[in-house]
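Spelled out, the chains give:
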Amino acid sequence: MTVTTTEKATAEKAASVEFRGLRRQFGTTTALDGLDLAVQPGEFLALLGPSGCGKTTALRMLAGFEHPDSGEVLVDGEDVTRVPAHRRDAGMVFQSYSLFPHLDAVGNVAFGLRMRGVRTTERRTRATELLELVGLADKGRRFPHQLSGGQQQRIALARALALRPRVLLLDEPLSALDAKVRLTLREEIRRLQQELGITTLFVTHDQEEALSLADRVAVMHAGRLEQCAAPAELYGRPATAFVAEFVGTMSRIPGRFTDGLVEVLGRRLPVDGPPPSAADVDVLVRPEAVGVRADAGSGARVAATAFLGAATRVTVRLADGTEVKADLPTHEAAALGAGTEVSVSLPDRPVLVADRGR
Amino acid sequence: MARLNPWRWAVLGLAALYFLVPLGASVVFSVDVGDRVTFDAYSRILGTDGFGDSLLLALELAAATIALVLLVMVPASVALRLGAPRLRPVVEIVCSLPLVVPPIAFVAGISTVLKWGPEHLARTPFFRTMVAIQNPDFPVVLVLAYAVMALPFVHQALDAGLRAVDVPTLVEAARSCGANRTQALLRAVLPNLRGALLNASFLTLALVLGEYTVAHLLGFRPFAVWIVDISGAQAQMSVAVSVLSLLVTWVMLLALAAAGGRTRTTSRG
């Protein structure tokens, strides 16, 4: 599918977005507690976090549906905190199906143009063009209740793009869809975003979605930004223990920090990042970094195995009761049934540590 | 659609008997003179003084009431839904008050207020207002009274309609498409409430066309009052008038349904 020249024009006016010290309280709960975040023009940024971390509130503030108690929202360096939602120039796709039930697909996509007073023929052309862009050119006459969930979200996407917005806001647009559709639509969103070059904020609680889609991922926790980095960096060098455990799987193994090295599983390894404040620490390890081999008399036993396809996730209970997860190639894991005595090893690399029990 | 098993047929049959037998008897009585069929009673109605005027007045009152009650209730219900969903029980109770207060008590209250006109307001500009709303050609006071009496029905109809659509999301979607609040209400929410608006109009129309107590006690003469007034004179004609009023109401309801019923999308949300 090709992008028309009119579509390309959006790339030229891709906007930067900045949140400055956003705070918002709903009654006694703090949704945002001083959020600072900058999004580059044309960037695809995912806001990732557990429910209640304030990611949706932040997005809605950019859309103009929520107002901060303090702080400001800037688009292209311009303070839009007081600008009403309909003049924000932001296209939004919602979590729930939000198409207008009384309008067909073309009518839905053309809605914004109708609000702008664009002439009928012109907006029909434009709507058809956008439906083509999301691959639903043949469904223009269908009403929302005649379309599947995935198709509805595609049309919602086309509707959000119809006014050539400066930023595209996606509020968990895939979470109501089933797994297969979610995957294809995810790729579709990425493709469109790259073709149009539009600054995009994508809210999700699904880390896989965030890591696979975004240029950068902003992990939020309790109304604050924990870390904002490219997916690989976020996964490989999490800045905080929260990020480490929220993104991907992490096992915590107790260790002792002495003389600049951590003693863990019978080895002494250097620390990645700033040294911990206490001597008792937890070493954070990814399952793919852990080695497991059969070793009678080690005191550690395989507690469970889960087949994941090419790899098998082996859960090992150490002698002290700590559980460690390890991903092994399935052919290696075949010999390690539940109850097998094994030994666990770490690679010769600096390790991430966190204070014991956070 | 559910299949009609014998039980359902039985219930349907009983209901039909209950409604149709008296109606049929009335029709037979109104056209039967001795041993021949005549529509004399009906043709006499049309010639009777006041028929056209009172019917027209009733229809005008109905139209004005529908307009007033929808203009007040639609924005109020949507605002309630968006801004203060927790106040819903309060509004529900307030809106059902007219069902609890008997029309007689209601009229007594209205009469008292209307009497303030000559008693207290004679020297103020409000006196003119009091006179104007009681203009027998178009008694605004009746519209106000009927709007209050229609509240419970209109509220129920609108509430059911609003619960069927996700109003907050529709409004936000419209706003993100560049619609201001009014446009969002008119272009995104209202079209999806068509069924509810139609229901509310139906109920209000039926209420106004059949209302007797308030109109009679305040001394106005819309259709229902006119029927009672003239039916004392002749037994056969009074029944004919009742049948006719039923038909008029039905025709009006059908007309309203036809006007609002290009039912392309009302089938399912």
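Residues numbered from 1 in each chain as written. Chains lettered and ligands numbered in written order. Predicted model: local features only at pLDDT ≥ 70, side-chain atom pairs only at ≥ 80, totals over all residues. Heavy atoms only, no water.

As a reminder of what qualifies: UniProt positions are given in the numbering used here, feature names are shortened, and annotations may be inferred rather than shown by experiment.
With an unreviewed UniProt entry as reference, chain B is termed ABC transporter permease subunit, source organism Streptomyces actuosus. Per UniProt, chain B has the following entry under Sequence similarities (unreviewed entry): "Belongs to the binding-protein-dependent transport system permease family."

Going by an unreviewed UniProt entry, chain A carries the name ABC transporter ATP-binding protein and comes from Streptomyces actuosus.

Some remarks on the pairing of strand E8 (residues 199–204) of chain A
Residues and elements named next belong to chain A. Convention followed: Residue exposure (1.4 Å probe, protein chains only): buried if accessible area is under 20% of the type maximum, exposed if over 50%, otherwise partly exposed. Runs of E in the DSSP output that reach at least two residues are strands. Runs of H or I that reach at least four are helices, and both are numbered from the N terminus. In short, DSSP must find at least two bridges between two strands for them to pair. Orient the strands so they point away from the viewer, and a crossover whose first-strand-to-second-strand path over the helix runs clockwise is right-handed.
Among the six residues in E8, six count as buried, and that is most of the element. Burial along E8 is two-sided: the residues Thr-199, Leu-201 and Val-203 and Thr-200, Phe-202 and Thr-204 are all buried. One ladder, built from five bridges, connects strand E3 (residues 44–48) with E8; its direction is parallel. Within the sheet, the bridge partner assigned to Leu-47 lies in E8 and is Val-203. Inspection of the sheet shows strand E7 (residues 167–171) paired to E8 by five bridges, in the parallel sense. By the bridge assignment for E8, Asp-171 is matched with Val-203. Crossover E7 to E8 through helix H6 (residues 179–196) is right-handed.

Thoughts on the interface of chain B and chain A
The following threshold applies: When checking whether two residues touch, look at their non-hydrogen atoms; a contact exists if any pair is within 4.5 Å. Summed over both partners, the accessible area lost on bringing two parts together, with a 1.4 Å probe, is the buried area. Salt bridges, as used here, are contacts in which a Lys or Arg side-chain nitrogen is within 4 Å of a carboxyl oxygen on Asp or Glu. Polar contacts here mean pairs of N or O atoms no more than 3.5 Å apart (in protein, one a potential hydrogen donor and the other a potential acceptor; neighbouring residues in sequence count only if both atoms are side-chain atoms).
Listed as interface residues are 21 residues of chain B and, on the opposing side, 21 residues of chain A. Summing both sides of the interface, chain B and chain A together bury roughly 2100 Å²; the carbon and sulfur share of this comes to 62%. A salt bridge links B:Glu172 to A:Arg60, with the shortest nitrogen-to-oxygen separation between them at 2.7 Å. Seen at the junction of chain B and chain A, the total is four residue pairs in polar contact (both at pLDDT 80 or more). Taken together, the elements giving at least two residues each to the side of chain B that touches chain A come down to helix H8 (167–176) and helix H9 (181–189) of chain B.

Here's the deal with the side chain of B:Asp159
Here B:Asp159 lies in helix H7 (residues 140–164). Side chain to side chain, B:Asp159 and B:Arg163 meet in a polar contact 2.9 Å long.

Describing the domain arrangement of chain A
All names here are of chain A. Note the cut-off: In this document the domain limits rely on a domain assignment from an automatic tool or a database.
Taken as a whole, chain A is organised into domain 1 (5–241) and domain 2 (249–355). In this assembly, domain 1 packs against domain 2 so that about 510 Å² is buried in total across both faces, 45% of it on carbon and sulfur atoms. Area buried by domain 1 at its contact with domain 2 is led by Tyr-235, Pro-238 and Ala-241, which between them contribute 75% of it. Put simply, domain 1 and domain 2 have one salt bridge between them. Here Asp-272 ties to Arg-237 by a salt bridge, and the two come within 3.0 Å at their closest N and O atoms. Our count for the contact surface shared by domain 1 and domain 2 stands at three residue pairs in polar contact (both at pLDDT 80 or more).

Considerations on the UniProt feature "transmembrane region" (unreviewed entry) in chain B
The feature "transmembrane region" (unreviewed entry), as given by UniProt, occupies residues 54–78, 90–116, 136–154, 196–219 and 239–259 of chain B in the numbering adopted here. The straight-line gap between the two end C-alpha atoms of residues 54–78 of chain B is 36 Å; of that span, 100% is helix and 0% is strand.

Some remarks on the environment of B:Asn192
Relative to the helices and strands, B:Asn192 is located in the loop between H9 and helix H10 (194–210). On the basis of relative accessibility, which here comes to 17%, the residue B:Asn192 falls in the buried class. Not counting chain neighbours up to four residues away, the residues in contact with B:Asn192 comprise A:Pro101, A:His102, B:Val165 and B:Leu170. Here the side chain of B:Asn192 touches A:His102 through a polar contact of 3.2 Å, landing on its backbone nitrogen.

Points about the packing of aromatic side chains
Residues and elements named next belong to chain B. Heads up, the condition is: Aromatic rings from Phe, Tyr and Trp, with only the six-membered ring used for Trp, were paired whenever their centres fell within 6.5 Å, and each pair was classed as stacked if the ring planes differed by under 30 degrees, edge-to-face if by over 60, and tilted otherwise.
The final tally for this structure, using the stated rule, is nine aromatic pairs over all chains. Relative to Phe-223, the ring of Phe-51 has its centre 6.0 Å away and its plane inclined at 70°; by these criteria the two rings are edge-to-face. Here Phe-51, found in helix H3 (residues 51–83), pairs with Phe-223, found in helix H12 (residues 223–231); they are 172 residues apart in sequence, far enough to count as distant. For the pair formed by Phe-51 and Phe-223, the shared burial category is buried. Clustering of aromatic rings is evident, with ring pairs tying together Phe-51, Phe-223 and Trp-226.

Re helix H4 (residues 120–133) of chain A
Residues and elements named next belong to chain A. Heads up, the condition is: Helix span is expected to be 1.5 Å times the residue number reduced by one. Directions pointing from the helix axis toward each C-beta atom define the arc.
With 14 residues, H4 should reach 20 Å at 1.5 Å per residue; the first-to-last C-alpha distance of 20 Å fits that figure. Where H4 is concerned, the buried positions are Arg-123, Arg-126, Ala-127, Leu-130, Leu-131 and Leu-133. Taken down its axis, H4 places every buried residue within 150° of arc, on the same side. Directly after H4, the chain includes Gly-135, whose backbone phi takes a positive value near 75°.

Focus: the confidence of the model for chain B
The condition that has to hold: A score between 0 and 100, pLDDT records how confident the predictor is in each residue.
Residues with a pLDDT of 70 or more make up 94% of chain B, whose mean pLDDT is 85. Across residues 262–269 of chain B, where pLDDT falls below 50, the model places 10 contacts with residues more than four positions away in sequence or in other chains.

Some words on the packing of H8(B) against H9(B)
Residues and elements named next belong to chain B. We apply this condition: Fitted lines through C-alpha atoms give the axes, limited to the stretch in contact for helices. The angle between two N-to-C directions lies from 0 to 180 degrees. Comment on the angle field: the value is read as roughly parallel under 35 degrees, roughly antiparallel over 145, roughly perpendicular from 65 to 115, and oblique elsewhere. Two helices cross in a left-handed way if the nearer one is turned anticlockwise from the farther one by less than a right angle. They cross in a right-handed way if the turn is clockwise. Polar here means any residue outside two lists: the nonpolar Ala, Val, Leu, Ile, Met, Phe, Trp, Tyr, Cys and Pro, and the charged Asp, Glu, Lys and Arg; Gly therefore counts as polar.
Two elements in contact, H8 and H9, have axes separated by 9 Å at closest approach and are oriented at 120°. Looking at the two axes, H8 sits oblique to H9. Crossing of H8 over H9 shows right-handed handedness. Residues Val-167, Leu-170, Val-171, Ala-174 and Arg-175 of H8 form the contact with H9, whose participating residues are Arg-181, Ala-184, Ala-188 and Val-189. Within the contact of H8 with H9, the residues separate by chemical class into seven nonpolar, no polar and two charged.

Some points on the sheet that holds E7(A)
Two pairing modes exist for strands in a sheet, parallel and antiparallel, and in both the strands are linked by backbone hydrogen bonds. Residue and element names in this part refer to chain A. Ordered by their spatial adjacency, six strands build an open sheet running E6-E7-E8-E3-E9-E10, and the pairing between neighbours is mixed. The sheet is open, and its two borders are formed by strand E6 (90–93) and strand E10 (224–229), each paired with just one other strand. Strand-to-strand twist of the sheet, defined as the mean angle between neighbouring strand axes without regard to direction, takes the value 20°. Where E3 lies against strand E9 (residues 216–221), four bridges are found, and the strand directions are parallel. Counted as the bridge partner of Leu-45 is Arg-216 from E9.

Considerations on the UniProt feature "domain: ABC transporter" (unreviewed entry) in chain A
If you check UniProt for "domain: ABC transporter" (unreviewed entry), the listed places come out as residues 17–247 of chain A in our numbering. Split by type, residues 17–247 of chain A is 36% helix and 26% strand. Its first and last C-alpha atoms lie 24 Å apart.

Here's the deal with helix H2 (residues 40–47) of chain B
All names here are of chain B. Turning to H2, its buried residues are Ala-41, Tyr-42 and Ile-45. One side of H2 carries all its buried residues, which in axial view fall inside an arc of 100°. Away from its buried face by more than 90 degrees, H2 exposes Leu-46 and Gly-47.

Comments concerning the sheet that holds strand E14 (residues 280–285) of chain A
Residues and elements named next belong to chain A. Across the sheet, which stays open at both edges, the five strands sit in the order E13-E12-E11-E14-E20 with antiparallel pairing between neighbours. Of all strands in the sheet, those with a lone pairing partner are strand E13 (267–270) and strand E20 (352–355), marking the two edges. Averaged over all pairs of adjacent strands, the angle between strand axes in this sheet comes to 45°, irrespective of strand direction. As paired strands, strand E11 (residues 251–258) and E14 are joined by six bridges and run antiparallel to one another. Its bridge partner lying in E14, Gly-255 is registered against Val-281.

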